[in-house]
Every structure is written in C-alpha cells, then in structure tokens.
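Letter by letter, the chains look like this.
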Amino acid sequence: MTVETPARFSPLAEWQDRLAQSPAGFQVRELPCLTQLTLRVQPGGAAAKAVESCLGVTLPGPLRAELSGDVEVLWMGPDEWLLVAPDGRQDDLPARLRSAIGDEFATVTDVSAQRTTLALSGDLVRTVLAQGCAIDLDPRVTPAGSCLTTLLAQAPVTLVVHDGAASGVRLLVRSSFASYLAAWLVDACTEYR
C-alpha cells in the first residue's frame, strides 16, 4: 500500500482577490506553505548552543524574534521557539538541526500545516489592527523584532513586527481561523477605501 503525502495548500486561496482589494495604506498578502518548526530546548544548554551555532543566531528571549538568513526564530515560551523558513525547507532544516543537536535533548517538530501567515504593510496597519487587538503597536512599545502571541478579533495569532514604524507586520494564524481573520481584516479596512 502506498501512502501519498497530501499536497500543501493555501487556507486563504479563495480570499486572494478580496485581500488584494485592500485600501492603499493597508496591503495584505498571504504567505502560504511556509516551513514552520517548533523547537523545544532548554535555554543555554548544550542543545540550545548547538542550535544557535547551526542557525547562526542566538535564540531570542521573551517577546522577541530574530532573523538568520531566511530563517526567522520566534520566541513562543520559556523553552519553545517557532522557526519559520520558506516553503521547501521542511526536510533539510529539521535534518540540519537534529544533526547539530546530536544526542542532546531537544525536539524539532514540523508544524507547517498548522498555520498560515499574513503579511501586512502600509500606513494603516496599526490603525486597522487596533480595532481588534489590545496590543499597543506604537513603535516605542512594540519595536521591530517584537513577537507577541495575542488575540486579534478573538482569533489567536502570533504577531511579529518587521519594521520600526510597525507598518510591516506578520500574523501567523491557525489554518482553522484563517478565513475568519481574512473576513475580519477585509471588513476592518472597509472605511479606509
């Protein structure tokens, strides 16, 4: 018996046209099928140091994200990080990490199908997000590199600020909430058209 791996898909494929019609100051695009790996490791331990050496970046501390080449490392908890990389890295990145970790204790789990990513940009990002998020996105409070797990319109998201003006934000949302969040974003920016 042959078991086929299902094709990866975009949970927001049917939303692309509506998301593209956002106002000039608020652009939304889905970044589907990114490689996403959960890393569980004891901070400062031998396995963590091996991972840092492999990635070329120090594992970020609370509420922070770091970028190393095409791999973004997001702090998710005291001993948990989410590694986000382009599609196609689902095989080589875990293999490299497991090889670096060796016999030390750590876990690397592929969770790529769990979430999709929305890239938001433009001058209205903070204004639109403020309608459904309690996080203060003022650059003095959430500078570039901030990584927060929060609710946006009651949907759980991981919000990553990519530039100092907080006008470049990525939202990582579970696939099961993706359509709901897309509908909310389209509605929230309607008054700015």
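Note that the structure is a prediction, hence the values are computed from the model and not measured.

Bringing empty space enclosed by the protein into the picture now. In the structure shown here, the tally under the stated rule is one cavity of 30 Å³ or more. As a volume, the largest cavity reaches approximately 30 Å³. In terms of lining residues, the largest cavity is bounded by Leu 34, Glu 72, Leu 74, Val 84, Thr 117, Arg 170 and Leu 172. Of all the secondary structure elements, the ones that give two or more residues to the lining of the largest cavity are β4 (71-77) and β10 (168-174).

In the structure shown here, the tally under the stated rule is five salt bridges. Arg 89 is paired through a salt bridge with Asp 70; the nearest N and O atoms lie 2.7 Å apart. Of the two residues, Arg 89 sits in the loop between β5 (80-85) and α3 (92-101) while Asp 70 sits in the loop between β3 (65-68) and β4, which places them 19 residues apart along the sequence. By relative accessible area, which is 14% here, Arg 89 ends up buried. A residue is classified by how much of its surface remains accessible, and Asp 70, at 40% relative accessible area, is partly exposed. Among the charged side chains, a salt-bridge network with shared partners connects Arg 40, Asp 79 and Glu 80.

The end-to-end C-alpha separation of helix α5 (residues 175-188) is 20 Å, in line with the 20 Å expected for 14 residues at 1.5 Å each. Within the sequence span of α5, burial applies to Ala 178, Leu 181, Ala 182, Trp 184, Leu 185, Val 186 and Ala 188. Buried residues in α5 make contact with α1 (16-20), β7 (115-121), α4 (125-130), β8 (147-152), β9 (155-161) and β10.

If you walk through the whole model with that rule in mind, you get zero aromatic pairs. One residue, Arg 18, lies across the ring of Trp 15, its end atom 3.9 Å from the ring centre.

Moving on, we come to the nonpolar core. Counting residues in each nonpolar core, the largest one holds 31 residues, and the members touching the most others are Phe 26, Leu 118, Leu 120, Leu 129, Leu 171 and Leu 181. In terms of residue count, α5 provides more of this core than any other element does, seven residues in total. Ignoring any residue separated from it by four or fewer positions in sequence, one finds Leu 120 in contact with Phe 26, Gln 27, Val 28, Val 125, Leu 129, Ser 167, Gly 168, Val 169, Leu 171 and Leu 185. Residues Leu 39, Leu 55, Val 71 and Val 108 belong to the second largest nonpolar core, which totals 19 residues.

Before going further, it helps to examine the pairing of β3. Alignment of β3 against β4, held across four bridges, turns out to be antiparallel. Bridge pairing in β4 links Ser 68 to Val 71.

Our focus in this paragraph is the pairing of β5. Extensive coverage of β5 is indicated by the burial of five of its six residues. Looking at chain direction, strand β2 (residues 35-41) and β5 are connected through six bridges and run antiparallel. Bridging from a neighbouring strand, Thr 35 pairs with Ala 85 of β5. Here β4 pairs with β5 via five bridges, running antiparallel. The residue bridging Glu 72 from the neighbouring strand is Val 84, located in β5.

So, how was this worked out
Residues numbered from 1 in each chain as written. Predicted model: local features only at pLDDT ≥ 70, side-chain atom pairs only at ≥ 80, totals over all residues. Heavy atoms only, no water. 1 Å grid on protein atoms, 1.4 Å probe; cavity = no way out; pocket = protein on both sides within 12 Å on 5 of 7 lines; lining within 4 Å. Points joined across faces, edges and corners; volume = space filled by probe spheres on them. Helix = DSSP H or I, 4+ residues; strand = E, 2+ residues; numbered from the N terminus. Salt bridge = Lys/Arg side-chain N within 4 Å of Asp/Glu carboxyl O. Buried < 20%, exposed > 50% of the residue type's maximum accessible area, 1.4 Å probe, protein only. Expected span 1.5 Å × (residues − 1). Contact = heavy atoms within 4.5 Å. Phe/Tyr/Trp six-rings, centres within 6.5 Å; stacked < 30°, edge-to-face > 60°. Lys NZ or Arg CZ within 6 Å of the ring centre and 35° of its normal. Core = buried A, V, L, I, M, F, W, Y, C linked by side-chain atoms within 4.5 Å. Pairing = 2+ DSSP bridges.

Read these as layout, nothing more, since geometry by itself doesn't imply function.
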